[in-house]
Amino acid sequence: QVQLVESGGGLVPPGGSLRLSCEASREINSRVAMGWYRQAPGKQREMVAFFTISGNTEYADFAKGRFTISRDNTRSTMYLQMNSLTPQDTAVYYCRVHAGPLNDYWGQGTQVTVSS
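Our subject in this report is the structure included herewith. Keep in mind the model is a prediction, meaning the values are calculated, not measured.

Here we look at the overall build of the protein chain
At step 1: For the protein chain, the count of helices and strands is zero helices and 11 strands.
At step 2: Its C-alpha atoms give the protein chain a radius of gyration of 13 Å, near enough to 13 Å, the size a compact globule of 116 residues would have.
At step 3: For the protein chain, the spread of C-alpha atoms along the three principal axes comes to 40 × 25 × 20 Å.
At step 4: Expressed as a percentage of contacts within the protein chain between residues at least 6 apart in sequence, the contacts between residues at least 24 apart total 51%.
At step 5: Per element, the accessible surface of the protein chain, about 6,200 Å² overall, is 47% carbon and sulfur.
At step 6: Counting 11 positive and 9 negative side-chain charges, the protein chain places the centres of these two groups 2 Å from one another.

A few points about the state of the cysteines
At step 1: On inspection of all chains with the given rule, the structure shows one disulfide.
At step 2: Between the sulfur of Cys22 and that of Cys95 lies a disulfide, 2.0 Å long from S to S. Handedness of the Cys22-Cys95 disulfide follows from its S-S torsion of about 60°: it is right-handed. Placement of the pair is Cys22 in strand β3 (residues 18-24) and Cys95 in strand β9 (residues 91-98), with a sequence separation of 73 residues.

Some points on the side chain of Arg96
At step 1: With respect to the helices, strands and loops of the structure, Arg96 is situated in strand β9.
At step 2: Of note is the side chain of Arg96, whose polar atom sits 3.0 Å from the side chain of Tyr37.
At step 3: In this structure, Arg96 is in contact with Leu4, Ala33, Met34, Gly35, Tyr37, Met78, Asp104, Tyr105 and Trp106, ignoring residues within four places of it in sequence.

What counts and what doesn't
- Residues numbered from 1 in each chain as written.
- Predicted model: local features only at pLDDT ≥ 70, side-chain atom pairs only at ≥ 80, totals over all residues.
- Heavy atoms only, no water.
- Helix = DSSP H or I, 4+ residues; strand = E, 2+ residues; numbered from the N terminus.
- Rg over C-alpha atoms; globule rule 2.2 N^0.38 Å.
- Contact = heavy atoms within 4.5 Å.
- Areas by Shrake-Rupley, 256 points an atom, 1.4 Å probe, with all protein chains shown as cover.
- Lys, Arg positive; Asp, Glu negative; His and termini not counted.
- Charge placed at Lys NZ, Arg CZ, Asp CG, Glu CD.
- Disulfide = S-S within 2.5 Å.
- Polar contact = N/O pair within 3.5 Å; in protein donor to acceptor, adjacent residues only side chain to side chain.

Below, the structure written as structure tokens:
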């Protein structure tokens, strides 16, 4: 079992930046996928960025060049640096650790609102 807790969300004006954090209750094995997803009102949850099991990073097209995913060496904390935010980035952001269909963990989410 892994508990994930996101933090760092909030209200930011267009063009602003936020850094989200996801803290895991224990060190995450390197052979799992972990990443960030988001869900806007009335829309399906979508991938933002993640680490593959080989440690490579993947980004959604809307995140490329603006968002950066990172994690600490213990892999117990993951981050999402978001720059040049737009109102379309408004959503609840979730972190996820996926080690198989029976080991799929999500945090409770953190709200990001981009508005002037």
